[in-house]
Amino acid sequence: MYRALTAIVLGASCISGFAQMTPVGLWRNVDDKTGEAKAEIRIVETGGVLSGKLDKRLGKDIKPDDVCSECSDDRKGKPIVGLEIIRGAKKADGKEVWESGKILDPENGRDYTLRMTPVEGGKKLEVRGSFGPFGRTQTWVRIN
């Protein structure tokens, strides 16, 4: 009985550790310039494809009714809170990397090619948005 219980507990901890090596979950990003928390983004998986919505905006100058006025697609004029900013990311074969998707910057309305890599055992997520040879990488922190 003791061995069975130990096996179950160890198995469950391995599964939960493995489950954290995915971008799925709630993340906090920070402003590149100020270092202050900027937003919380919830990433979900549907049929092997990841998408992410801006769950909450953080900061002192945030207006709750702001819309994506710079967007040029179906997100134009939609509230920024709840806006789908990640679309179409898929896990790369044989790697702990999700790519082939797009990430939207609601401040300028641009879509960037997306690459997400869980690091530090899934506690952080390196999110790279690029446009041609140019891009930048942010490190997001897992909230849950």
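How each quantity is defined
Residues numbered from 1 in each chain as written. Predicted model: local features only at pLDDT ≥ 70, side-chain atom pairs only at ≥ 80, totals over all residues. Heavy atoms only, no water. Salt bridge = Lys/Arg side-chain N within 4 Å of Asp/Glu carboxyl O. Helix = DSSP H or I, 4+ residues; strand = E, 2+ residues; numbered from the N terminus. Buried < 20%, exposed > 50% of the residue type's maximum accessible area, 1.4 Å probe, protein only. Pairing = 2+ DSSP bridges. Axes fitted to C-alpha atoms, helices over the stretch in contact; angles between N-to-C directions. Contact = heavy atoms within 4.5 Å. 1 Å grid on protein atoms, 1.4 Å probe; cavity = no way out; pocket = protein on both sides within 12 Å on 5 of 7 lines; lining within 4 Å. Points joined across faces, edges and corners; volume = space filled by probe spheres on them. Nonpolar A, V, L, I, M, F, W, Y, C, P; charged D, E, K, R; others polar. pLDDT = per-residue confidence, 0-100.

J.: I keep staring at the pattern of salt bridges and nothing clicks. Help me out?
T.: Where charged atoms of side chains with opposite charge meet at close range, the side chains can pair. Enumeration according to the criterion identifies 13 salt bridges in this entry. Here Lys60 and Glu36 are joined by a salt bridge, their closest N and O atoms 3.9 Å apart. Of this pair, Lys60 sits in the loop between strand E3 (49–57) and strand E4 (84–91) while Glu36 sits in the loop between strand E1 (25–30) and strand E2 (37–46), and the two are 24 residues apart along the sequence. Classification of Lys60 by relative accessible area gives exposed; the value is 70%. Glu99 serves as the salt-bridge partner of Arg115, at 2.7 Å between the closest nitrogen and oxygen.

J.: Just checking my understanding: could you explain the sheet that holds E3 for this structure?
T.: The strand order around the closed barrel built from eight strands is E1-E2-E3-E4-E5-E6-E7-E8, with neighbouring strands paired in antiparallel fashion. In this sheet, adjacent strand axes meet at a mean angle of 30° when their direction is disregarded. Taken together, the two bridges between E1 and strand E8 (residues 134–142) define a ladder with antiparallel strand orientation. Paired with Trp27 across the two strands is Arg142, which belongs to E8.

J.: In this structure, what is going on with the pairing of strand E7 (residues 124–131)? I would like to understand it.
T.: Within a regular beta strand, the side chains point alternately toward one face of the sheet and then the other, so they alternate between its two faces. Both strand E6 (residues 110–119) and E7 contribute to a ladder of seven bridges, which runs antiparallel. By the bridge assignment, Pro118 is partnered in E7 with Leu125. Count of turn residues in the E6/E7 antiparallel hairpin: four residues, of which Glu120 carries a positive phi of about 55°. Where E7 and E8 come together, eight bridges link them in antiparallel fashion. Among the inter-strand pairings, Ser130 is bridged to a residue of E8, identified as Gly135. Between E7 and E8, which pair antiparallel in sequence order, lie two residues; one of them, Gly132, sits at a positive phi of approximately 65°.

J.: Just to check I follow, could you spell out the environment of Met21 for this structure?
T.: Mapped onto the elements, Met21 comes out in the loop between helix H1 (2–19) and E1. Along the backbone, Met21 and Glu96 are 75 residues apart, and their C-alpha atoms lie at a distance of 7.4 Å. Among all residues touching Met21, those that are not within four sequence positions of it are Glu96, Trp98, Pro118, Gly121 and Gly122.

J.: How should I be thinking about the layout of surface pockets in this particular structure?
T.: Regions of empty space are outlined by a rolling probe, equal in size to a water molecule, passed over the atoms. There is about 490 Å³ of room inside the largest pocket. Counting only elements with at least two residues in the lining of the largest pocket, the list comes to E2, E3, strand E5 (98–105), E7 and E8. Its residues placed into classes, the lining of the largest pocket shows 14 nonpolar, five polar and five charged.

J.: It is not clear to me how the confidence of the model for the chain should be interpreted in this structure. Could you clarify?
T.: Any residue range with low pLDDT should be treated as having predicted coordinates unsuitable for detailed reading. Per-residue pLDDT for the chain averages 87, and the proportion of residues at 70 or more is 86%. Segment residues 4–19: pLDDT under 50, and zero contacts once partners within four positions in sequence are set aside and those in other chains are kept.

J.: Looking at this structure, how should I read unusual backbone geometry?
T.: Keep in mind that most residues, glycine aside, have a negative phi and that most peptide bonds are trans. Despite not being glycine, Ser100 has its phi angle at roughly 70°, a positive value. Here Ser100 shows up in strand E5. Taking relative accessible area as the criterion, Ser100 reaches 62% and is therefore assigned exposed. Backbone geometry at Glu120 places phi at a positive 55°, although glycine is not the residue there.

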